[in-house]
Each structure stands twice: as structure tokens, then as C-alpha cells.
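# Chains, contacts and geometry: an overview
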Amino acid sequence: MQDAPQAFTFVHSNRRIISAWGGLDKLGELAKEAGTSRPAVVMDGFFENSEMAARVGAMLQTACGKPAAFHFVPAHEPDTVTIEACAASLAAASPDFIVAIGGGSAMDTAKVARLLLSNPGTAESVSGFGKRFKPHASLLVAVPTTAGTGSEVSESAVAGKPDSDIKLIFRSQEMTPQIALLDASLCVSAPATVTAASGYDAVTHAVEAYVSKAASIMSDPFAESAMRLLGQWLVTAYKEPAHPAARSWCLIASCQAAIAFNSANLGLAHAIAAPLGALHHVAHGLGNALALPAVTAYNEASMGAKAAVVARAFGAATAAEGLARLRHALDLDLSLDRFVPSDEAREKVAQAAMKSGQVRMNPRLATIEDMRAILESMRTPNGGAAAGVKVAA
Ligand SMILES: [Fe+2]
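Residues numbered from 1 in each chain as written. Predicted model: local features only at pLDDT ≥ 70, side-chain atom pairs only at ≥ 80, totals over all residues. Heavy atoms only, no water.

### Some thoughts on the environment of C250
Our working rule: Only DSSP runs of H or I covering at least 4 residues are called helices, and only runs of E covering at least 2 are called strands; the numbering of each starts at the N terminus. Only protein chains enter the accessibility calculation, which uses a 1.4 Å probe. A residue is then buried if its area is under 20% of the maximum for its type, exposed if over 50%, and partly exposed in between. The contact rule is simple, with two residues in contact once any of their heavy atoms fall within 4.5 Å.
With respect to the helices and strands, C250 occurs in helix α7 (residues 244–264). For C250, a relative accessible area of 3% translates into the label buried. The spacing of C250 and W233 is 17 residues in sequence and 6.5 Å in space, taken between C-alpha atoms. Leave out the neighbours within four places in its chain, and C250 touches A147, L230, W233, L234 and A237.

So, in C-alpha cells, the structure goes:
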């Protein structure tokens with residue numbers, strides 16, 4: 001700490017984060033405070049006809065004296081068609097207050113659809129990096145119902161193109177929800193498999209942001225706190241779905257991890273999870289769970305003093321072992337071969353992963369041979385022991 005600080009860029013475009021068990025009840029207050037007259041709700045289709053949807057509708061009706069327009073998002077990961085359908089619904093409602101409720105799919109859909117309201121065109125036309133967009137005048141409130149993506153505070157979104165292997169990435173500060181409302185009571189109904197996979201996505205955000213080449217004194221405290229909280233509480237949230245403390249800490253950790261990766265970016269596990277999703281329909285969190293222990297075994301010697309911090313956060317002698325043990329406890333310790341059945345298919349994943357910009361953020365610069373070795377190691381479940389990755393020295 002005696003050296004001068006390294007240069008960094010830290011971004012945070014969200015205005016307010018509210019965390020309270022049962023905090024969904026604050027929606028009416030927030031709508032009133034914003035002076036809204038045209039509310040709209042973008043909600044995960046999982047909640048269609050639910051008591052929660054009725055509760056949200058009633059709150060907004062009382063606050064604004066008008067019924068909210070509802071749009072339900074299909075359960076699968078977003079694609080350009082579902083985003084454009086959402087944008088059309090929103091355009092018809094012309095909202096000044098938008099509530100996005102659900103997992104990453106619903107929040108990402110709402111974020112990109114809202115961007116299209118002030119920047120009309122196809123969903124693809126607003127994808128990519130470094131583009132300038134007109135902000136939309138509405139207030140966007142994001143309410144996550146899973147602890148995972150951190151989409152409620154992130155500047156990014158991901159969506160597929162139907163009938164293609166392409167994953168589009170969207171990135172703009174104009175997409176970030178102004179208000180993130182964390183109500184962990186909404187996570188209680190998530191199926192255990194979703195809790196495990198989305199929770200491991202949050203773990204991967206925290207670890208990859210922490211060891212990234214773009215990590216900084218500003219992002220590290222968020223990433224470190226997220227790792228410690230997930231190390232302590234994720235298995236409890238998985239095994240005891242109604243545990244208020246476990247659900248609350250995991251949701252806060254997922255939000256912190258996203259604040260960290262907004263600036264610090266991500267690494268090889270995300271570079272691998274993207275083609276696993278696009279080419280083999282592996283759910284994003286599961287893809288990260290398949291990759292992160294092997295990636296960390298590969299990275300560990302390049303992580304410097306941070307290796308011990310990661311190991312401690314996950315209660316093991318090494319970072320790779322801690323992450324493998326957590327994965328095993330969440331029943332995500334599966335062979336890559338279940339999803340990528342041939343050498344050729346694995347080679348395609350390796351080639352696609354190498355094209356990701358995240359490769360450059362990883363603490364160790366991987367070659368295609370290294371990537372192949374990591375994928376080879378992912379074929380063998382390791383029962384909670386550290387993975388071995390055989391790369392040429
Ligand atoms: Fe992720």
C-alpha cells in the first residue's frame with residue numbers, strides 16, 4: 001500500500017439501492033415519489049397470475065390512480081424477438097415508470113426494450129459497445145427475484161439471436177436501472193436448481209471481478225464482500241429456501257458482485273459460459289459452475305496475494321478447492337461431456353471462447369492450448385477437490 005495507486009476507471013450509474021425483506025411494498029411509494037401517471041411492469045412469465053403480480057398491480061393502481069400495463073417475459077433466456085415484443089408493449093403503454101421484476105432474463109429484457117423506446121430500431125441495432133444512446137425519460141426500478149445476475153445494477157445485458165449461435169451483448173449506462181429494490185422474500189419461491197445455478201453465477205462475477213486485470217481499489221471491496229457472503233450463505237439458501245438471512249445476504253452479494261464487474265469486467269469462466277449457452281443451451285450459471293474451478297486452478301499462480309483471499313472466502317486451502325467444494329455442495333459438479341459430447345464440439349467451444357474480450361481481462365493470458373486444457377479438465381467432476389489443469393509450462 002506504499003506505492004502510488006494504479007490508474008483505474010470505476011463506473012456506477014445506478015442511483016439508489018434499497019434492501020428490505022418485504023421491500024416490494026415500497027413500490028407504491030416510489031411510484032408516488034416519481035409522480036408517475038403511466039406505470040408499466042415487465043415481469044418474468046413465471047409470475048403470471050401470481051399473488052405477487054396482483055399485489056404489484058394493486059399498489060401501482062393505488063399510487064397512480066391508473067392500472068399498470070403488464071408485459072410477461074418468456075422463461076427462457078432473452079432473445080431479440082422477446083425483447084422487441086417487450087419494446088412494442090412498452091411503446092403502446094408509453095410509460096413514465098417501469099418496474100422490471102424477475103431474474104436476469106426479465107430485467108435484461110426490460111433494460112434493452114426501454115432503450116429501444118428512445119432509440120427506435122431492432123434489438124440488434126442497440127447491441128455492442130461504445131455506442132451513444134438517447135436516454136429514456138422513464139424511471140426504471142429493477143426488482144430481482146433470484147440472486148445471480150446483478151442485472152438490477154449492471155450496465156449490461158445479454159440476449160440471443162433466434163436460430164443462431166450468436167449472443168448479443170448490450171452495454172450502456174443508459175440501460176442501468178435507476179433504482180434497485182432488493183426484497184429477498186421474493187427469492188424464496190425460486191426452485192433449488194435455480195438458486196444453485198444463479199448463485200454460482202454471482203460467485204463467478206465476484207471472483208472474476210476480483211482477480212480481473214481491470215480490478216481496482218474501488219471494485220475490490222465489493223467483490224471481496226460478495227465472495228465472503230456467498231461463501232458463507234449460498235449453500236444455506238440452496239438447502240433452506242425460506243431462510244431469511246441466507247436469502248438476504250445472497251441477494252446483497254449478487255448486487256455487490258455486479259457493482260464490481262461493471263468496472264472490473266469478467267474472465268475466462270464467462271468467456272467459456274457464453275459459447276456453452278449459445279452452442280449447447282447450458283444455462284449461464286451452470287456454465288460458470290462447470291468452468292470456474294478449472295479456470296481458477298489455471299489462474300491461481302497468477303492471482304498473487306488475492307489467491308489466499310479467495311481461498312479464505314470459500315473456506316479452503318486454495319481458491320480452486322474452495323470453489324470446487326462449493327460447486328459440489330450445490331450439486332453442480334457435473335462433467336462437461338454431458339453437454340458437449342464430442343472432441344469436435346469441445347474444440348468449437350474453445351475457439352469461440354478465445355474470441356471473447358474477457359480473455360484479456362483474465363489474470364493469466366490464455367492461449368488456445370490453455371483453453372483446450374481447461375475444457376479437458378472440465379470433463380471430470382472432482383467431488384469437491386481442486387481441479388487439475390494440465391497446461392504446458
Ligand atoms: Fe454471469
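Alright, that's what it looks like, and here's the rest.
### Comments concerning the packing of aromatic side chains
This is how it is decided: Put simply, two rings from Phe, Tyr or Trp (the six-membered ring, in Trp's case) pair if the centres are within 6.5 Å, and we call them stacked under 30 degrees between planes, edge-to-face over 60, tilted for the rest. As a reminder, the over-ring test applies to NZ of lysine and CZ of arginine, requiring each to be within 6 Å of the ring centre and within 35 degrees of the ring normal.
For the coordinates displayed, the defined rule picks out three aromatic pairs. Relative to F47, the ring of F46 lies with its centre 5.1 Å away and its plane at 85°, an arrangement referred to as edge-to-face. With relative accessibility at 8%, the residue F47 sits in the buried group. Ring centres of F70 and F72 lie 5.9 Å apart, and the angle between their planes is 20°; this geometry places the pair in the stacked category. Since its relative accessible area comes to 31%, F70 is described here as partly exposed. Above the ring of Y210, the side-chain terminus of K306 is found at 4.5 Å from the ring centroid.

### Overview of the coordination of the iron ion
The line we're drawing: In this listing, donors mean N, O and S atoms no farther than 2.8 Å from the metal, or 3.2 Å for Na, K and Ca; water is missing from the atoms, so a site can look incomplete. Four donors are marked tetrahedral only if all angles between them lie between 85 and 135 degrees, whereas four are marked square planar and six octahedral if opposite donors are more than 155 degrees apart and the other angles lie between 65 and 115; the remainder are marked irregular.
On the protein side, the iron ion has D201 (OD), H205 (NE2), H270 (NE2) and H284 (NE2) as donor atoms, found 2.1 to 2.2 Å from it. In this structure, the iron ion is coordinated by four donor atoms arranged in irregular fashion, with angles at the metal of 85 to 168°. Here the donor residues for the iron ion map to a single chain with the spacing D-x3-H-x64-H-x13-H. Linking D201 in helix α5 (residues 192–211) with H270 in helix α8 (residues 268–280), this pair joins segments that are 69 residues apart in sequence.

### Some thoughts on the pattern of salt bridges
Note on pairing: side chains with opposite charge can pair once their charged atoms come close. Quick note on the threshold: Whenever Lys or Arg places a side-chain nitrogen within 4 Å of a carboxyl oxygen from Asp or Glu, that contact is recorded as a salt bridge.
Under the definition given, this model contains 14 salt bridges. Residue R379 pairs with D337 through a salt bridge whose shortest N-O separation is 2.9 Å. Taken together, the positions of R379 in the segment after α13 (368–377) and D337 in the loop between α11 (319–329) and α12 (343–354) put the pair 42 residues apart, joining distant regions of the chain. With a relative accessible area of 26%, R379 lands in the partly exposed category. In the salt-bridge network here, residues are joined through shared partners; they are D337, D343, R346, E376 and R379.

### Some thoughts on a nonpolar patch on the surface
The condition is simple: Patch membership needs two things, relative accessible area over 30% and no salt bridge, and members are linked within 9 Å if like-charged or within 5 Å if nonpolar (Val, Leu, Ile, Met, Phe, Trp, Tyr). Under the convention used here, a 1.4 Å probe and the Shrake-Rupley method define accessible areas, while residue burial counts only the protein chains that appear.
Taken together, the side chains of F8, I217 and M218 make up a nonpolar region of the molecular surface, amounting to roughly 280 Å² of accessible area. When you line up the elements, I217 lands in the loop between α5 and α6 (220–239).

### Section: the nonpolar core
Quick reminder of the rule: The criterion is simple. A nonpolar core is a set of buried Ala, Val, Leu, Ile, Met, Phe, Trp, Tyr and Cys residues joined through side-chain atoms within 4.5 Å.
Counting 79 residues, the largest nonpolar core has V203, I272, V310 and M378 as its most contacted members. Looking at which element gives the most residues to this core, the answer is α7, with eleven residues. Sequence-distant contacts of V203, that is, excluding residues within four places in its chain, are made with L230, L234, L292, F314, L323 and L326.

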